[in-house]
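Chain residues, written in single-letter form:
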Amino acid sequence: MSIFYRKYQNNNKKSTSYGKWFGRSVSLGKTVGLEDLAEHMSQHNSPYSEGVIKGVLTDMVNCIRELVLEGKSVKIPNLCIFSAGIKTKGADTAEEFLVPTHVQSAYLKARSTGRFTRDEVTKKASIRELPKYMTNEDDEEG
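Residues numbered from 1 in each chain as written. Predicted model: local features only at pLDDT ≥ 70, side-chain atom pairs only at ≥ 80, totals over all residues. Heavy atoms only, no water.

### Things to note about unusual backbone geometry
Leave glycine aside and you will find that most residues have negative phi; peptide bonds, for their part, are mostly trans. Note the following rule: In this text, helices come from DSSP runs of H or I with a minimum length of four residues, and strands from runs of E with a minimum of two, each type numbered from the N-terminal end. Think of it in three bands: residues with accessible area under 20% of the maximum for their type are buried, residues over 50% are exposed, and the middle band is partly exposed, with areas taken using a 1.4 Å probe on protein chains only.
Phi is positive for Asn45, which is not a glycine, with a value near 55°. Tracing the chain through its elements places Asn45 in the loop between helix H1 (34-42) and helix H2 (50-69). Residue Asn45 is classed as exposed on the basis of its relative accessible area of 80%. Unlike most non-glycine residues, Asn78 shows phi in positive territory, near 60°. Turning to its location among the elements, Asn78 is positioned in the loop between strand S3 (74-76) and strand S4 (80-88).

Below, the structure is given as structure tokens:
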């Protein structure tokens, strides 16, 4: 397992970290979609076909979306807990806080759970810098 990164310099002159260098993780290759995930899973000695797995995963995604939009959290053991979050701006008093005025957006949160923790990823993944000569086109092609 490898996590790849590229170095970048903070060019925000208003930042206290202006001019400093940081690492930013980079994903390689194309994003794995539901079809690709189903195919991958079916190749792991599964008695289920790629189509059956894709159907179950599609239903799972739809159900997670529905439950989260109902205000529930959905836990997938050893992966994450899905829930909704909101970004708000402040009001001077509780009485002045109004949804149309102070809620800026809603978003999906995913918090790791069980064995899939930050510590596990840190221990099991090797962190490797991508070569400078690699372009975004190389990333897309894998």
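### Section: the sheet that holds strand S5 (residues 103-112)
Let me state the cut-off plainly: Any two strands are treated as partners once DSSP identifies two or more bridges connecting them. Under this scheme, a helix contributes an axis fitted over its contacting stretch, all axes are lines through C-alpha atoms, and angles between N-to-C directions fall in the 0 to 180 degree range.
The three strands lie next to each other as S3-S4-S5, forming an open sheet whose pairing is antiparallel. Each edge of the open sheet carries a strand with a single partner, namely S3 and S5. On average, each strand axis in the sheet is tilted by 30° relative to the strand beside it, whichever way the strands run. As paired elements, S4 and S5 share nine bridges and run antiparallel to each other. Within S5, the residue paired with Ile81 across the bridge is Arg111.

### Re the environment of Ala38
Keep this limit in mind: Contacts are assigned to residue pairs that have any heavy atoms within 4.5 Å of one another.
Assignment of secondary structure puts Ala38 in helix H1. Once the C-alpha coordinates of Ala38 and Val52 are considered, the two residues, 14 residues apart in sequence, prove to be 8.4 Å apart. Residues contacting Ala38, with those up to four places away along its chain left out, are Glu50, Ile53, Lys54 and Leu57.

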